[in-house]
Amino acid sequence: MKSLNIGLVGYGFMGRTHSNAYRKVNNFFDLDYKPVLKAVCARDAGKAAAFARKWGWESVESDWRKLLARDDIDLIDIASPNDTHAPIAIAAAKAGKMVLCEKPLAMTGAEGRTMVQAIEKARVPNMVWYNYRRVPAVTLAKELIDEGRLGRIFHYRAKFLQDWTISPELPQGGAGLWRLDVKVAGSGVTGDLLAHCIDTAVWLNGGIQTVNAMTETFVKKRKHNLTGAIQKVGIDDACAFLARFDNGSLATFESTRYARGHKALYTFEINGENASIAWDLHDLHRLQYFDHRDEGRVRGWRSIHVTDGDQPYMKHWWVPGLQIGYEHTFVHQVADFIQGLSSGAPASPTFRDALETQYVCDAVLQSAKTQKWQPVKRP
Ligand code: SOE
């Protein structure tokens, strides 16, 4: 087995999910490469060192440029805040490193395009961590749709609801709270949560042509955690939009961080002429499926417990009936990336795939401003 030497940038929530995935993947998947946790990089060297001790990273860097200059690193994994994705990814590609990047790919479509250009010029393997594609039930939904079981698709309905920013006392900016700081995050729920819904939707149901959106910022001013200054909030706290897909289906998307009681309720439902599918992150191992072609007397919604060996990814885990969870989606993503290295068929979403989501997010935010339908522009 060959070594795949990883240099991770960032040690937050996503740094943990990625570290866990690199450590576990070879225990469950037979692969040609073994990720080696070579170095973790973060501005705060002390905190990075503590993280390295906990997760087994061999060394620590406090400047990502030094990490990129190291000959013993094959792959740069960007798990730092959104405003750092482009400079690190572009420099890493120029340095000939493979690049994995947390979602959203970029702050805007224009920025994402420069990243795709750099990656494709350097011809380095790349991927964006839209992890929900690799929930086995969601992958099963993709298989059922691709087999044509739903027939013509009429409707796509997605929601991602949270409630963690309702308090006006919550500051913006800094560790853990940069998602509220527009200069660092680029946008609010659109880039953070709807980006997941859009990525899954485009994967399952094809391209989006046009959107009509509304956004709201419920808390207008917050204290900045780093400077203490009371500042205008620049992110969207909530966003809802209508969309038309290339295949003629109609969609509604909604996301908010103000849905009291909901912590991470990502749901989608797809209605086709023959069958419908529904999925819910809080019950992530189940896929709801209704097939109108079933015998009438027993026709109804089936709740498929996606835990059997012939269902996506599950033969790599325990025995039928036993569930896996959120962290396993990241393990699947690493496994697929490595299998892509071996086969030469890159795992999706690549940077180019993820750029599509940026273009949709741009159109959504533009529509919320103009209060008009906006076509998704792919310059
Ligand atoms: C925000 O709270 C967040 O952590 C997102 O940034 C993740 O992408 C999402 O999967 C869960 O919620």
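Residue numbers restart at each chain and count upward from 1, following the sequence in its written direction. pLDDT decides what is reported in this predicted model: residues at 70 or higher carry local features, side-chain atom pairs at 80 or more are listed and counted, and totals for whole chains, interfaces and linings draw on all residues regardless. Hydrogens and water are ignored here; the side-chain numbers use all heavy atoms of the structure.

Another aspect to go through is the nonpolar core. By nonpolar core we mean a set of buried residues, namely Ala, Val, Leu, Ile, Met, Phe, Trp, Tyr and Cys, connected to one another through side-chain atoms within 4.5 Å. Only protein chains enter the accessibility calculation, which uses a 1.4 Å probe; a residue whose area is less than 20% of its type maximum is buried, one above 50% is exposed, and one in between is partly exposed. Membership of the largest hydrophobic core comes to 80 residues, with the highest contact counts inside it found for Phe253 and Trp279. Only DSSP runs of H or I covering at least 4 residues are called helices, and only runs of E covering at least 2 are called strands; the numbering of each starts at the N terminus. For this core, the leading source of residues is helix H8 (residues 189–205), giving 10 residues. In terms of nonpolar packing, the next biggest core, distinct from the first, is built from 35 residues, Leu100, Tyr313, Phe337 and Ile338 among them.

Glancing now at the site of the ligand. The criterion for a residue being near a molecule or strand is simple. One of its heavy atoms has to lie within 4 Å of it. The ligand sits among Phe13, Lys103, Tyr132, Gln162, Trp164, Arg179, Asp192, Leu193 and His196. One of the side-chain N or O atoms of Tyr132 is found 2.6 Å from an oxygen atom in the ligand. In protein, a polar contact requires one atom able to donate a hydrogen and another able to accept it; more generally it is a pair of N or O atoms within 3.5 Å, and residues adjacent in sequence count only if both atoms are side-chain atoms. In the environment of the ligand, an oxygen atom lies 2.9 Å from a nitrogen or oxygen atom belonging to the side chain of Arg179. Each accessible area value is a Shrake-Rupley result obtained with a 1.4 Å probe; residue values ignore everything except the protein chains displayed when judging cover. When the ligand is considered free in solution it has 310 Å² of accessible area, and contact with the protein chains removes 88% of it. For the shell around the ligand, the leading source of residues is H8, giving 3 residues. Note on residue classes: Ala, Val, Leu, Ile, Met, Phe, Trp, Tyr, Cys and Pro are nonpolar, Asp, Glu, Lys and Arg are charged, and everything else, Gly too, is polar. When its residues are assigned to classes, the shell around the ligand shows 4 nonpolar, 2 polar and 3 charged.

That bond from Lys103 to Pro104 is cis: its omega, -10°, falls within 30 degrees of zero. Residue position: Pro104 is located in the loop between strand S5 (98–102) and helix H5 (109–122). The peptide bond linking Ser348 to Pro349 adopts the cis configuration, its omega dihedral lying at -5°. As for its placement among the helices and strands, Pro349 is situated in the loop between helix H9 (326–343) and helix H10 (351–370).

Reading across the sheet, the 6 strands line up as S3-S2-S1-S4-S5-S6 and stay open at both edges, with parallel pairing between neighbours. A single partner strand is all that each edge strand has here, and the edge strands are strand S3 (59–61) and strand S6 (126–129). Within this sheet the neighbouring strands show an average axis-to-axis angle of 25°, counted without direction. We treat two strands as partners when DSSP finds at least two bridges between them. As defined by bridge partners, S5 adjoins S6 across 4 bridges and the pair is classed as parallel. For Val99, the partnering residue across the bridge sits in S6 and is Asn126. Here H9 sits on the sheet and contacts strand S1 (2–9), strand S2 (33–41), strand S4 (75–78), S5 and S6; the angle it forms with S6, its principal contact strand, is near 170°. Every axis corresponds to a line fitted to the C-alpha atoms, with the helix fit spanning only the stretch in contact, and the corresponding angles, defined between N-to-C directions, vary from 0 to 180 degrees. In this analysis, two residues are considered to be in contact whenever any of their non-hydrogen atoms come within 4.5 Å of each other.

A word on the pattern of salt bridges. Salt bridge, as used here: a side-chain nitrogen of Lys or Arg that lies within 4 Å of a carboxyl oxygen of Asp or Glu. A complete count under the given rule lists 21 salt bridges for this structure. For the salt bridge of Arg65 with Asp63, the shortest nitrogen-to-oxygen distance reads 3.5 Å. Salt bridges linked by common partners bring Lys103, Arg179, Asp192 and Arg257 together as one network.

To estimate the expected span of a helix, count its residues, drop one, and scale the result by 1.5 Å. Taking 1.5 Å of rise per residue, the 18 residues of H9 would be expected to cover 26 Å, and the 26 Å separating its terminal C-alpha atoms lies within 8% of that figure. By the criterion of burial, H9 is predominantly enclosed, with 13 of the 18 residues buried. Looking one or two places after H9, you find Gly344, whose phi comes out positive at around 85°.

Bringing a nonpolar patch on the surface into the picture now. Distance thresholds for patches are 9 Å for like charges and 5 Å for nonpolar side chains (Val, Leu, Ile, Met, Phe, Trp, Tyr), applied to residues having over 30% relative accessible area and no salt bridge. A surface patch of nonpolar side chains, amounting to about 320 Å² of accessible area, comprises Trp318, Val319 and Leu322. Using a relative accessible area of 44% as the deciding quantity, one classes Leu322 as partly exposed.

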